[in-house]
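Structure assessment
Below, each chain spelled out in residue letters.
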Amino acid sequence: MAQQLAAGGSSSLWWSPGLPLYLLFIHRCSSDSELVSMIAMIPWYAALSFLVYHLANRISGRQAGIVATLLLALSPTFIYHSIFPLTQLPLATLLCAVIVLTLSYSAHPRLSTIAVIGTMIGVAILVRPSSVILLPVVPVLLWRIHSRGAIPFGILIPALILITPWMVHVKRTTGHFVFINYANSRNLFLGNNEWTPFYETWYYGSHLKGDDVPDRFKALDSSIPEHAPHEQDALYRAAALDHIVRRPDLFLLRTVNRVRCYFAFDTYTGTVLIKYARLPKLLGLATIATDALFYVIVMFFALYSSVCFGELGLSSRAIGIVWVISLAYAVPYWFSFSHPTYHFPIIPGLLAVGGGSGWRFFRNPGTEAGLLVSRIRTNKWLAASLAGLVAVQVEWVFHMLSRILGRA
Amino acid sequence: MAIPETGKKTLGNVTPVLLVTLIGLLVRFASILVLASRGLSGDALS
């Protein structure tokens, strides 16, 4: 898309512009080879590593910070996303920066911090427009910490300064107002039409050519692109909203499923290595297993730290800020379509939350395991959240196996 | 009067995270080299 942007025209307006603009800048400074695009992702990883260390150190101490950055350094999915030009890693870095800055503002309420938060949110919107949800949520969160009239403007103004030139560019190119890019309403449509699977709501986002795609869906989805881009935007949105209004029961069912699916372990990296990199199947399966183990450990200790913050001596405010910003970011995916890979940007924050209790557990497993078991027995919230985490993973495995066995 | 150790403490805090990030960077550069040697591009895998 960076090359499409350089060429101009409305075809470059389908996807969000943030990452392509960044790559375009890097290409202009060096060369436009794919190797340069891959190396250009690495600074995002370095920035994320320092942010995660800072956050984990703030929540639960230095050792927790080192453990969290080590997991980030060696996790297969984080390695994959640090070398391929995808939006997940920049979004994870920006989200982590917003969390760190919000925490910093809670301790030292400076206007400059608010302006940087607004800038980060503006960039996040350009990278993925669904991040626009942070624009109302973060000011409300900051307002609850320190009620200052400057907060909404301090965030809104830098964000608008960043996104307005792009919106003007889109208006000049197409003659119509579109919020950042065209793909958003299609995503809403793909996850909300009468043929969308109830659990695998992402399915038509990546499997449109399969034999199992209904002909009527194919016909509708291929007829809409015959219209002008701005009409496509309206048609996809209208088709999705029409289905939601006609079948609110199915929308509710899919939304509940989307939330569960979002918190399952991600199989994306291993699958891509098997399917496209043509690496040995065993290596791909080992990658999936490592990612699954990494994710379950992170979520387990994040939930443990979050429910038992008092007993563990952790800051409830810091943990609360991480959860509010992370869940707010996730909400748009629960209404359009969901896949475990979309939880990638919220994992670094949760890694920082769980780092403290995780480090404590691995340093002294005997004593800590006993304490953990007794807390699970006495704390129904901890028991319920951990049981929910396990149930979501089992359900995901069941769906994956059904699909694989169905294909065989 | 004790000599302030602020600088030493800061360096002690920063060094481990620098080392861990360096390990992460090496792993990533190595992965890019392996993929490049196999003729795989970002477009093929993203």
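Source: prediction; values computed, not measured.

Here we come to the overall build of chain A. When helices and strands are counted, chain A shows 22 helices and 0 strands. The globule rule puts the C-alpha radius of gyration for 408 residues at 22 Å, and the 22 Å found for chain A is close to it. Each of the three principal axes of chain A carries a C-alpha extent, and together these read 65 × 55 × 45 Å. The proportion of buried residues among the 408 residues of chain A is 44%. Expressed as a percentage of contacts within chain A between residues at least 6 apart in sequence, the contacts between residues at least 24 apart total 74%.

On to the overall build of chain B. Within chain B one finds 2 helices and 0 strands. By residue count, 17% of the 46 residues in chain B fall in the buried class.

Residues and elements named next belong to chain A. Counting 98 residues, the largest nonpolar core has V52, L95 and V98 as its most contacted members. In contact with V98, other than residues within four places in its own chain, are I117, M120, I121, L134, V138 and I325. Core analysis: the second largest hydrophobic core is formed by 10 residues, F189, Y203, A240 and F337 among them.

Moving on: the confidence of the model for chain A. Residue-level pLDDT values for chain A average 89, and 96% of them are 70 or greater. The spread of mean pLDDT over the elements of chain A runs between helix α1 (residues 2-7) of chain A, the lowest at 62, and helix α15 (residues 248-262) of chain A, the highest at 96.

Opposite the 28 residues of chain A that make contact, chain B presents 20 residues. When contributions to the side of chain A that touches chain B are tallied by element, the ones reaching two or more residues are α3 (34-39), α4 (42-60), α5 (62-74) and α6 (76-83) of chain A. Residue contributions to the side of chain A that touches chain B peak at 8 residues, all from α5(A). Here the side of chain A that touches chain B is built from residues that sort into 21 nonpolar, 5 polar and 2 charged.

As a rule of thumb, non-glycine residues mostly have phi less than zero, and peptide bonds are mostly trans rather than cis. Residues and elements named next belong to chain A. With a phi angle near 65°, I180 is a residue other than glycine that sits in the positive phi range. Mapping I180 onto the fold places it in the loop between α10 (150-174) and α11 (183-191). A residue is classified by how many C-beta atoms lie within 10 Å of it, and I180, with 23 of them, is buried.

Here we come to the packing of helix α7 (residues 88-107) of chain A against helix α9 (residues 134-145) of chain A. All names here are of chain A. Remark: α7 packs on α9, axes separated minimally by 10 Å, with the N-to-C direction vectors making an angle of 25°. Taken as axis vectors, α7 and α9 run roughly parallel relative to one another. Two packed elements cross with a definite hand, and for α7 against α9 that hand is right-handed. The segment α7 lies against α9, with V98, T102, Y105 and S106 engaging L134, V138, L141, L142 and I145. Along the lines of polarity and charge, the residues of the contact of α7 with α9 split into 7 nonpolar, 2 polar and no charged.

Residues and elements named next belong to chain A. Axis separation between α5 and helix α20 (residues 347-363) bottoms out at 8 Å; the angle between their running directions is 125°. With respect to each other, α5 and α20 are oriented oblique. The hand of the α5/α20 crossing is right-handed. Packed against α5, whose contacting residues are Q63, A64, G65, V67, A68, L71 and L72, the element α20 presents P348, L351, A352, G355, G356, G358 and W359 at the interface. Here the residues of the contact of α5 with α20 are counted per class, giving 9 nonpolar, 5 polar and no charged.

Residues and elements named next belong to chain A. Note on placement: R128 falls in the loop between α8 (111-127) and α9. The sequence separation of R128 and W15 amounts to 113 residues, and the corresponding C-alpha distance is 8.9 Å. Setting aside residues up to four positions removed in sequence, R128 forms contacts with S16, T87 and L91.

Here we come to the confidence of the model for chain B. Residues and elements named next belong to chain B. When the pLDDT values of chain B are averaged, the result is 71; 54% of them are 70 or greater. Every residue in residues 1-8 scores below 50 in pLDDT, and together they form 0 contacts with partners more than four places removed in sequence or on other chains. Across the whole predicted complex the pTM is 0.90, and at the interface the ipTM reaches 0.81.

Rules used in this analysis
- Residues numbered from 1 in each chain as written.
- Chains lettered and ligands numbered in written order.
- Predicted model: local features only at pLDDT ≥ 70, side-chain atom pairs only at ≥ 80, totals over all residues.
- Helix = DSSP H or I, 4+ residues; strand = E, 2+ residues; numbered from the N terminus.
- Rg over C-alpha atoms; globule rule 2.2 N^0.38 Å.
- Buried ≥ 20, exposed ≤ 12 C-beta atoms within 10 Å, placed from the backbone.
- Contact = placed C-beta atoms within 7 Å.
- Core = buried A, V, L, I, M, F, W, Y, C linked by C-beta atoms within 7 Å.
- pLDDT = per-residue confidence, 0-100.
- Nonpolar A, V, L, I, M, F, W, Y, C, P; charged D, E, K, R; others polar.
- Axes fitted to C-alpha atoms, helices over the stretch in contact; angles between N-to-C directions.
- Parallel < 35°, antiparallel > 145°, perpendicular 65-115°, else oblique.
- Left-handed = near helix turned anticlockwise from the far one by under 90°.

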